[in-house]
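# Summary of structural features
Spelled out from the first residue to the last, the chains are:
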Amino acid sequence: MAHPLRPPRTGPLVGQGLARRRALAGDGHPGPRCPQPAARGGPAFAPGRRRGDRDRGGHRSHRGRRGGFLGGWTDRAIGAAVDLLLAMPVVIIVLSVLAVFHSSMPAAMVTFGVLAAAGISRVTRSATLSVREEVYVAAARVAGVPKRRIILRHVLPRVAGPVIVQLSLIAGGALLVQTGLSYLGLGAQPPAPTWGGMIAEAAGVMQQSPWLLLPSGVAIGATILAFALLGDAIRDTLSDHWAATRPGSSAASPGGGVPAPAAPAPASGPTPARPEPSRSLSPALRIEGLNLAAGGAHLLRDVHLEVLPGETVGLVGESGCGKTMTALATLGVLPAGVHLTGGRIMMDGQDVAGGDKRVLGRMRGRHMAMISQQPMTALDPCFRVGSQLSEAVRRHRGISRTQARACVIELLEMVRLPDPGSVARRYPHQLSGGMAQRVAIAMALAGRPRLLIADEPTTALDVTVQADVLDLLRRLQQDMRMSILLITHDWGVVADLCDRAVVMYAGEVVESSSTEELFANPRHPYTRGLLAANPQASEGRRRLPTIPGRVPSPDRREPGCQFAPRCGFADSRCVTHAIGMATTGPGHLSRCVHDERIPGPKGAVTA
């Protein structure tokens, strides 16, 4: 090379700083033999991007994920720290660090990483708040999965995309910050080559050789673009891995499509007889005076409920009467803002409502489990069926992966799914509604629970599949001597499956009796109205009887009988004071002062 400012005719475009070019021209100025990273110890693919910067960003992302999922004081403490970091002037702090540490670029990049990580934490928290409300996250909690594993396995895959993109943008920003500091002479000093130093040198001779700006400028722009494209590529790859079947998987057909799910195996043999509940043992579940509130609204008031070992109890009522809220309180997974104001929930002699939360967490899945009315949303779409079942089995039984895989096949066979090996390799979106409900039942049975809470398990299924699922629950109860709390709107399901029925209205239990007694002799006007509105019981009538009015809002409930505005028997006694449960016969309780005036189930309740 004849002159250090002359454009290169041959050779690579990198390593064209003035120090390097002067050394090649033989003018006596020392220079490195090859380009080095911009800051000692930094990765070669990202000049100035420090290892500590990356680690602190990931650590802050984990904090944001934990705060968003756990909520409460954890979320508030992490949020306050993040707000403090976001309020700090990044440039001034980085310049101060350089002044204190004698132009140490590693110290500057670590500082920049800590301050920039606050933005990652905010993005992670926002994504986690939406994922936390998904039904499959609640299903994992009900199954007894620890919070740490829920965060890592079910929440992280859904929030990883925006976090990865944010990290790629911060990597580009770190490169620009390092370049700017080197341009100002605050970074690595010559003869150490940096892109910012090369731009500063080129700016000094821009009149003679403007082309010197091209090598460093193009390299900086290409690297920042590469960071962004790399982040998008990683995000898309992980999304494809989590949400789609791998090519060549046995769950896919040879043509690449998903095979049509086979019909469930038909039930063999006669329908098993309903097992007699054991009244000599302690109840599998006892709820005493349960009260729930949200703000100033009373959601549940003085709820009493008992489920004996081997017994099936039907919980009936209109939507909004508190049936699902009672089940969620039993499992300890109440929605945010809803809290217990009184009462006890006893299981195995322990008060799970007011006791240690860790004890309740260990009881979920083992002593009690739940089947959701929407099985598709209760299964994590990011994982195969077998993986989700294996997680629950290993959690509750403490066995190896190999043993867990065998148990998964056994569970799928227990719920009468054909080709259980193929079903275990499928994702939830590859299942039909009936198959998904059977998988949800298998997951609930993974811990061999004593009590199974079934929240309208047949609502989203057609009539044929409904019958199969009810028959399956009956057989499983007979085989496992399991208690079932069945939440339903269907009187036919109650008559077919339940030993006793409990009727709820406006957050209160209004009647409780054996199923046969309740159908033959209802002692509350609301129960009578529900039975009269049953289409099967109204055959031959020109018009289906209905109950006028609607369920009162939780914040507008009066101290007397909540059904009084809709009841044809109401008088002054019904609205002046609270009405308690009264015995109207052997094992028959009713919350009504007019029980003797109430006829049988025929006819509608009129105002």
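Basis of the calculations
- Residues numbered from 1 in each chain as written.
- Predicted model: local features only at pLDDT ≥ 70, side-chain atom pairs only at ≥ 80, totals over all residues.
- Heavy atoms only, no water.
- Helix = DSSP H or I, 4+ residues; strand = E, 2+ residues; numbered from the N terminus.
- Buried < 20%, exposed > 50% of the residue type's maximum accessible area, 1.4 Å probe, protein only.
- Contact = heavy atoms within 4.5 Å.
- Areas by Shrake-Rupley, 256 points an atom, 1.4 Å probe, with all protein chains shown as cover.
- 1 Å grid on protein atoms, 1.4 Å probe; cavity = no way out; pocket = protein on both sides within 12 Å on 5 of 7 lines; lining within 4 Å.
- Points joined across faces, edges and corners; volume = space filled by probe spheres on them.
- Nonpolar A, V, L, I, M, F, W, Y, C, P; charged D, E, K, R; others polar.
- Pairing = 2+ DSSP bridges.
- Axes fitted to C-alpha atoms, helices over the stretch in contact; angles between N-to-C directions.
- Core = buried A, V, L, I, M, F, W, Y, C linked by side-chain atoms within 4.5 Å.
- pLDDT = per-residue confidence, 0-100.
- Expected span 1.5 Å × (residues − 1).
- Arc of directions from axis to C-beta.
- Salt bridge = Lys/Arg side-chain N within 4 Å of Asp/Glu carboxyl O.

Turning our eyes to something else, we now look at the overall build of the protein chain. Per the secondary structure count, the protein chain includes 21 helices and 12 strands. Going through the 607 residues of the protein chain one by one, you find that 47% of them count as buried. Considering only residue pairs separated by 6 or more positions, the protein chain has 70% of its internal contacts joining residues 24 or more positions apart. Taken as a whole, the protein chain presents about 28,300 Å² of accessible surface, with 57% of it coming from carbon and sulfur.

What follows covers the environment of Met 368. Looking at the element boundaries, Met 368 is found in strand β6 (residues 368–371). Among the residues examined, Met 368 registers a relative accessible area of 0% and is labelled buried. Along the primary structure Met 368 and Leu 285 are separated by 83 residues, whereas in three dimensions their C-alpha atoms are 9.3 Å apart. Apart from the residues lying within four places of it in its own chain, the contact partners of Met 368 are Val 142, Thr 330, Leu 331, Met 347, Leu 360, Met 363, Pro 449 and Leu 451.

What follows concerns empty space enclosed by the protein. Under the counting rule described, the total for this entry stands at four cavities of 30 Å³ or more. Of the volumes computed, that of the largest cavity is approximately 100 Å³. What lines the largest cavity is simply Tyr 136, Ala 139, Ala 140, Ala 143, Val 145, His 154, Ala 378, Asp 380, Gln 388, Glu 391, Ala 392 and Met 443. Secondary structure elements with two or more residues in the lining of the largest cavity: α6 (135–142) and α13 (385–397). By volume, the second largest cavity amounts to about 60 Å³. Lining the second largest cavity we find 13 residues, and of these Cys 561, Cys 567, Cys 574, Cys 592 and His 594 sit closest to its centre. Per-class residue counts for the lining of the second largest cavity are 10 nonpolar, two polar and one charged.

Strands belonging to one sheet form pairs held by backbone hydrogen bonds; the direction of such a pair is parallel or antiparallel. Strand order in this open sheet of eight strands is β6-β7-β8-β3-β9-β10-β12-β11, and the pairing throughout is mixed. With one partner strand each, in any of the chains shown, β6 and β11 (582–585) form the two edges of the open sheet. On average, each strand axis in the sheet is inclined to that of its neighbour by 20°, with strand direction left out of account. The strands that helix α10 (residues 323–331) touches are β3 (312–316), β6, β7 (451–455), β8 (483–488) and β9 (500–505); relative to β6, the one it contacts most, it runs at about 145°. Against the sheet, helix α20 (residues 525–532) touches β9 and β10 (508–514), its axis set at about 105° to β9.

On to the nonpolar core, then. Core analysis: the biggest nonpolar cluster contains 99 residues, and Leu 412, Ile 441, Leu 485 and Tyr 526 have the highest contact counts within it. Of all the elements, helix α16 (residues 433–444) adds the most residues to this core, at eight residues. If sequence neighbours within four positions are ignored, Leu 485 has contacts with Leu 285, Leu 305, Val 307, Val 313, Leu 315, Leu 451, Leu 452, Ile 453 and Ala 454. If you look at the next biggest cluster of nonpolar residues, it comprises 12 residues, including Val 94, Ile 120, Val 163 and Ile 170.

Here the focus is the pairing of β9. Where burial is concerned, most of β9 is hidden: six out of the six residues are buried. Here β9 shows two buried faces, one formed by Arg 500, Val 502 and Met 504 and the other by Ala 501, Val 503 and Tyr 505. Sheet topology note: the β3/β9 ladder contains four bridges and is parallel. Opposite Val 313, over in β9, you have Arg 500 as the bridge partner.

Turning our attention to the confidence of the model for the protein chain. Looking at the protein chain, pLDDT values average 77 and 78% of them are 70 or higher. Across residues 26–60, where pLDDT falls below 50, the model places 59 contacts with residues more than four positions away in sequence or in other chains. Confidence drops under pLDDT 50 across residues 602–607; counting only partners more than four residues distant or on other chains, this segment forms 22 contacts.

Glycine aside, residues mostly have negative phi angles, and peptide bonds mostly take the trans form. If you check the backbone angles, Arg 448 has positive phi at about 50° while not being a glycine. Using a relative accessible area of 52% as the deciding quantity, one classes Arg 448 as exposed.

What follows concerns the sheet that holds strand β2 (residues 297–307). Reading across from one edge, β2-β1-β4-β5 is the order of the four strands in this open sheet, with antiparallel pairing throughout. At either end of the open sheet lies a strand with only one pairing partner, and these are β2 and β5 (350–351). In the sheet, strand β1 (residues 285–294) pairs with strand β4 (residues 338–347) via seven bridges, with the strands oriented antiparallel. For Ala 294, the partnering residue across the bridge sits in β4 and is Val 338. Contacting β1, β2 and β4, α10 runs over the sheet at an angle of about 110° to β1.

Before going further, it helps to examine α13. A turn of α-helix holds 3.6 residues, and therefore any two residues three or four places apart point the same way. Along its 13 residues, α13 runs 18 Å from first to last C-alpha, staying within 8% of the 18 Å computed at 1.5 Å per residue. Here α13 has its buried residues at Val 385, Gly 386, Gln 388, Leu 389, Ser 390, Glu 391, Ala 392, Val 393 and His 396. In this structure, the buried side of α13 is in contact with α7 (147–183), α14 (401–414), α15 (420–424) and α16. Positioned one or two residues after α13, Gly 398 has a phi angle of 60°, which is positive.

This part takes up the environment of Pro 552. With respect to the helices, strands and loops of the structure, Pro 552 is situated in the loop between α20 and α21 (573–576). Taking the C-alpha atoms as reference points, Pro 552 and Tyr 505, separated by 47 residues in sequence, lie 9.4 Å from one another. Discounting residues that sit within four places of it in the chain, Pro 552 has contacts with Tyr 505, Ala 506, Arg 557 and Gln 562.

Extensive coverage of β8 is indicated by the burial of six of its six residues. Burial along β8 is two-sided: Ser 483, Leu 485 and Ile 487 facing one way and Ile 484, Leu 486 and Thr 488 facing the other are all buried. As paired elements, β3 and β8 share five bridges and run parallel to each other. Residue pairing across strands places Leu 315 opposite Ile 487, the latter belonging to β8. Where β7 lies against β8, five bridges are found, and the strand directions are parallel.

Buried within helix α4 (residues 90–100) are the following residues: Val 94, Val 97 and Leu 98. Down the axis of α4, the buried side of the element spans an arc of 100°, and every buried residue falls inside it. Within α4, the exposed residues directed more than 90 degrees away from the buried face are Ile 92, Ala 99 and Val 100. Its buried side turned inward, α4 meets α5 (105–132) and α7. His 102 lies just past α4 and shows a positive phi near 55°.

Taken as a whole and judged by the stated rule, the model has 13 salt bridges. Where Glu 306 meets Arg 286, a salt bridge forms, and the shortest distance between an N and an O atom there is 3.2 Å. Here the residue Glu 306 occupies a position in strand β2, and Arg 286 occupies one in strand β1, the gap between them amounting to 20 residues. Relative accessible area serves as the criterion here: at 30%, Glu 306 is assigned to the partly exposed category.

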